[in-house]
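Single-letter residue listing:
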Amino acid sequence: MEFRPASRSSVSDHVFSQLRDAIVSGEYAPGDGLPSERELATVFEVNRHAVREALRRLQQLGLVRVAQGGATRVLDWRRHAGLDLAMAGAEALPVETLVRDVVEMRACLGADAARLCAERGTPEAKAEVVAAVEVYAAAAPDLERMGEANVALWRAVIAGSANIAYLLAFNSLVGGALAVGRVPAGHRTAELLDVAGHRRLGAHIAAGAAAEAEGQAKALLTAPITAPVASPRKDSRA
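These numbers come from a predicted model, not from an experiment.

## Examining the nonpolar core
A general feature of soluble globular proteins is that nonpolar side chains tend to end up buried together. In this structure, Leu58, Leu63, Val157, Leu201 and Ile205 are the most contacted members of the largest nonpolar core, which totals 54 residues. No other element matches helix H6 (residues 98-120), which puts nine residues into this core. Apart from residues lying up to four places away in sequence, Ile205 is in contact with Ala114, Cys117, Ala118, Lys126, Val129, Val157 and Ala213. In this structure, Tyr136, Ala137, Ala139 and Val195 belong to the second largest nonpolar core, which totals six residues.

## Here we look at the environment of Asp194
Tracing the sequence through the fold places Asp194 in the loop between helix H10 (185-192) and helix H11 (195-207). The exposure class assigned to Asp194 is partly exposed, which follows from its relative accessible area of 26%. Asp194 sits 26 residues away from Leu220 along the chain, and the two C-alpha atoms are 7.8 Å apart. Those residues in contact with Asp194 that lie beyond four places of it in its chain are Tyr136, Arg200 and Leu220.

## Concerning helix H8 (residues 143-161)
One turn of an α-helix holds 3.6 residues; hence residues three or four places apart share an orientation. Taking 1.5 Å per residue as the helical rise, H8 with its 19 residues ought to reach 27 Å, and the 27 Å between its terminal C-alpha atoms agrees with that figure. Three or more residues of H8 are buried, namely Met146, Gly147, Ala149, Asn150, Val151, Leu153, Trp154, Ala156, Val157, Ile158, Gly160 and Ser161. Regarding H8, its N-cap is Asp142, as a side-chain oxygen of that residue lies 3.1 Å from the backbone nitrogen of Glu144 further along. A positive phi of about 60° marks Ala162, the residue just after H8.

## Points about unusual backbone geometry
Note that the residue after Ala140, namely Pro141, is joined by a cis bond; omega there is 5°. Note that Pro141 resides in the loop between helix H7 (123-138) and H8. Even without being a glycine, Glu45 presents a positive backbone phi close to 60°. Following the sequence through the fold, Glu45 ends up in the loop between helix H2 (37-44) and helix H3 (48-61). At Ala162, a position not held by glycine, the phi torsion is positive, near 60°. Here Ala162 is to be found in the loop between H8 and helix H9 (164-175). In this structure Ala162 comes out as exposed when scored by relative accessible area, which is 58%.

## A closer look at helix H1 (residues 11-24)
Over its 14 residues, H1 runs 20 Å from end to end, which matches the ideal 20 Å to within 8%, given 1.5 Å per residue. Counting buried residues in H1 gives ten out of 14 residues, a clear majority hidden from the surface. Taken together, the buried positions of H1 are occupied by Ser12, His14, Val15, Phe16, Gln18, Leu19, Arg20, Ala22, Ile23 and Val24. Buried residues along H1 sit against H2, H3, strand E1 (64-66), strand E2 (72-74), helix H4 (77-80) and helix H5 (83-87). Gly26 sits one or two positions beyond H1 and adopts a positive phi of about 95°.

The rules we used
Residues numbered from 1 in each chain as written. Predicted model: local features only at pLDDT ≥ 70, side-chain atom pairs only at ≥ 80, totals over all residues. Heavy atoms only, no water. Core = buried A, V, L, I, M, F, W, Y, C linked by side-chain atoms within 4.5 Å. Buried < 20%, exposed > 50% of the residue type's maximum accessible area, 1.4 Å probe, protein only. Helix = DSSP H or I, 4+ residues; strand = E, 2+ residues; numbered from the N terminus. Contact = heavy atoms within 4.5 Å. Expected span 1.5 Å × (residues − 1). Polar contact = N/O pair within 3.5 Å; in protein donor to acceptor, adjacent residues only side chain to side chain.

Right, dumping it as C-alpha cells:
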C-alpha cells in the first residue's frame with residue numbers, strides 16, 4: 001500500500017487513518033511489524049510526534065502492540081479490537097454486513113434494556129420513558145426530528161434499565177459513524193414512523209410488563225432489517 005504525505009491540517013489523523021486502513025484491509029497481517037517511527041515520519045512527511053500519536057490511537061483500538069523501545073506489531077483485529085472499530089464506519093471496516101450487524105446488535109441491546117426497564121426501573125425512570133415517547137410522537141412526520149427524539153427515547157430506556165454496560169454500548173452506537181440515526185433513512189422509516197408501536201412500548205414499560213416491553217422493543221428495532229426498504233418520499237408539490 002502506498003502512503004500519501006499528510007496535509008498540514010491534521011497530520012496525526014491522516015497517519016492514523018491510513019495505517020488503520022492498511023491493517024484492517026490486510027496490507028499488514030497479524031504479527032507483521034510496522035515501519036519504525038523514523039521511517040513512517042519520512043514516508044508521511046510529518047514529525048515523529050504525529051507518528052507516535054497515531055500509533056497510540058492504533059494501540060487503543062486493539063490494532064497494534066507497541067513495545068517500549070522496540071517494534072510495533074500488528075494484532076488480529078478480529079480478536080483484539082472493540083466496538084470502536086465498527087463505529088468508525090464502513091470505510092474503516094469494509095465488512096459487507098456491517099450495517100446489518102450493528103442494527104442486530106442494537107435490537108438485542110434495546111430489547112433487553114426495555115425488559116429490564118419494565119422490571120426494575122424506578123417510577124421516575126418509567127415516567128421519563130413515557131414523556132420521551134410523546135416528545136418523539138410530537139415530532140412526526142419530520143423524520144430528522146423524529147430520529148433525534150428517538151435516540152433520546154432509547155437513552156431513557158437504557159438509563160431505566162440501570163445497566164451501565166448497556167449505557168456505554170449505547171453511547172458507542174449513537175456516537176460513531178454508524179450511529180443509530182445514521183442508518184440509511186430508507187431502512188429506518190418503518191421504525192421511525194411507528195408512533196403507535198412506540199406508545200405501546202412506553203405503556204408496557206410503565207405497567208411493568210417486562211415480556212411485552214421486550215417483544216415490542218424487538219419488533220421496533222428489527223424493523224430496519226425486516227421491513228421493505230422504503231423509497232424516498234416524493235415532494236407532494238410535484
